[in-house]
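# Observations on the model geometry
Now for the letters of each chain:
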Amino acid sequence: MPHDRLTEPATEIVGEFWEYPLAFGDTLSSHEWVPLHINRLLTSRFVARALAENRRADIGTALLLWCEAFRQDPAGTLPDDDLELARLAGYGADLESWRAAREGALYGWRETHISNQEDAPANRRLGHVMIAGIARDMHRRKRGRDQARTEGSKAVARTRVKKKLIEIKCSRAAESPDVVIAIADWLGERDLYITTDNVRAAFEATRGGPKLVQVQ
């Protein structure tokens, strides 16, 4: 996980300013796992320092916070608030114990700026460059999968629309991708089922005819 040198930084850090690579709303809430870079963790300065200072508990606390960070908004960040951090780290309301562990457990974490932070100005966040890179890559893959599912659903809808057009004797329209797409989008925007009556209404509406809506 955390490591002191990166081959591909998550984002450029200029002085004290760090623009986080994800925005509020970019989450990984459905993920049940995150990659653990074993060699980076075992050879990191963080682990070496914790062992040298006989603060092995910091490693466990840090692991808890890393896992919690991937469940936060944005993914990979932590709240810059001791009450919240104590809870996430498993200390509950024991702020005194948390504050004693904070420096070691938050090794490598620093304040980061979220691009749409004006929507939540009081929500100060902490980020770790390595964890940010992992969160960014995972979110990209998640967005790709979501897009693939959306495109798959659209393809199924268009196939069903085409069949309905053939059923209502609009074979010529069924052979036009533009017409099929327009009808499928019209129905999707109104959350209407792809029934014969709804496709007929959509066909008339997208041709500039009366905008009939069949009650579901």
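A few points on the structure. Counting restarts for each chain: residues are numbered from 1 in the order of the written sequence. The model is predicted, so local features are restricted to residues of pLDDT at least 70 and side-chain atom pairs to those at 80 or more, both for listing and for counting; the totals for chains, interfaces and linings are taken over all residues. Water and hydrogen atoms were dropped before computing side-chain values, which therefore reflect all heavy atoms in the structure.

### With respect to the packing of aromatic side chains
Aromatic rings in a pair are described by how distant their centres are and how their planes are angled relative to each other. Under the pairing criterion, centres of Phe, Tyr and Trp rings, with the six-membered ring standing for Trp, must be within 6.5 Å; the plane angle then separates stacked pairs below 30 degrees from edge-to-face pairs above 60, leaving the rest tilted. Scanning all chains against the criterion turns up 4 aromatic pairs. Their ring planes at 65 degrees and their centres at 5.7 Å tell us that Phe-46 and Trp-66 sit as a pair that is edge-to-face. With a gap of 20 residues between them, Phe-46 in helix 2 (residues 45-52) and Trp-66 in helix 3 (residues 57-69) connect regions that are remote in the sequence. To sort residues, take the accessible area from a 1.4 Å probe on protein chains only and compare it with the maximum for the residue type: under 20% means buried, over 50% means exposed, and anything in between is partly exposed. Looking at Trp-66, the relative accessible area reads 1%, which means it is buried. The rings of Phe-46, Trp-66 and Tyr-107 are connected pair by pair, giving a single aromatic cluster. By definition, any uninterrupted DSSP run of H or I lasting at least four residues is a helix, any uninterrupted run of E lasting at least two residues is a strand, and each is numbered from the N terminus.

### Comments concerning a nonpolar patch on the surface
In this scheme, patches are assembled from residues that exceed 30% relative accessible area and form no salt bridge. Like charges are connected within 9 Å, while nonpolar side chains (Val, Leu, Ile, Met, Phe, Trp, Tyr) are connected within 5 Å. All accessible areas in this document rest on Shrake-Rupley with a 1.4 Å probe, and a residue is counted as covered only by the protein chains that are shown. Take a side-chain nitrogen of Lys or Arg and a carboxyl oxygen of Asp or Glu: if they are within 4 Å of each other, that pair is a salt bridge. Judged by side-chain polarity, Leu-36, Ile-38, Leu-42 and Leu-63 come together as a nonpolar surface patch covering roughly 370 Å² of accessible area. Looking at the element boundaries, Ile-38 is found in helix 1 (residues 38-42).

### Some words on the sheet that holds strand 5 (residues 125-128)
The strand order 3-5-4 describes an open sheet built from 3 strands, whose pairing is antiparallel. Where the open sheet ends on each side, the last strands, each with one partner, are strand 3 (77-79) and strand 4 (109-112). In this sheet, adjacent strand axes meet at a mean angle of 40 degrees when their direction is disregarded. When DSSP finds two or more bridges between a pair of strands, those strands are recorded as paired. The sheet contact formed by strand 3 and strand 5 spans 3 bridges and is antiparallel. A fitted line through C-alpha atoms serves as each axis, taken over the contacting stretch for helices, and the angle formed by two N-to-C directions is quoted from 0 to 180°.

### Focus on helix 8 (residues 177-189)
A helix is expected to span 1.5 Å multiplied by its residue count minus one. Counted at 1.5 Å a residue, the expected span for helix 8 with its 13 residues is 18 Å, and the 18 Å between its end C-alpha atoms agrees. Buried within helix 8 are the following residues: Val-180, Ile-183, Ala-184, Trp-186 and Leu-187. Looking straight down helix 8, one finds its buried side chains confined to an arc of 160 degrees; they lie on one side. Those residues of helix 8 that are exposed and angled more than 90 degrees off the buried face are Pro-177, Asp-178, Gly-188 and Glu-189. Positive phi appears at Asp-191, one or two residues downstream of helix 8, with a value of about 55 degrees. Directions pointing from the helix axis toward each C-beta atom define the arc.

### Some points on the packing of helix 8 against helix 9 (residues 196-206)
Viewed as axis vectors pointing N to C, helix 8 and helix 9 meet at an angle of 110 degrees, and their least axial separation amounts to 9 Å. Between helix 8 and helix 9, the interaxial angle falls into the category roughly perpendicular. Where helix 8 crosses over helix 9, the handedness of that crossing is right-handed. Note on element contacts: helix 9 touches helix 8 through Asn-198, Val-199, Ala-202, Phe-203, Ala-205 and Thr-206, opposite Val-179, Ala-182, Ile-183, Trp-186 and Leu-187. When residues are grouped by polarity, Ala, Val, Leu, Ile, Met, Phe, Trp, Tyr, Cys and Pro land in nonpolar, Asp, Glu, Lys and Arg in charged, and all others, Gly among them, in polar. The residue makeup of the contact of helix 8 with helix 9, split by class, is 9 nonpolar, 2 polar and no charged. Put simply, angles under 35 degrees are roughly parallel, angles over 145 are roughly antiparallel, angles from 65 to 115 are roughly perpendicular, and the rest are oblique. By definition, turning the near helix anticlockwise from the far helix through less than a right angle yields a left-handed crossing, and turning it clockwise yields a right-handed one. Here, two residues are considered to be in contact whenever any of their heavy atoms come within 4.5 Å of each other.

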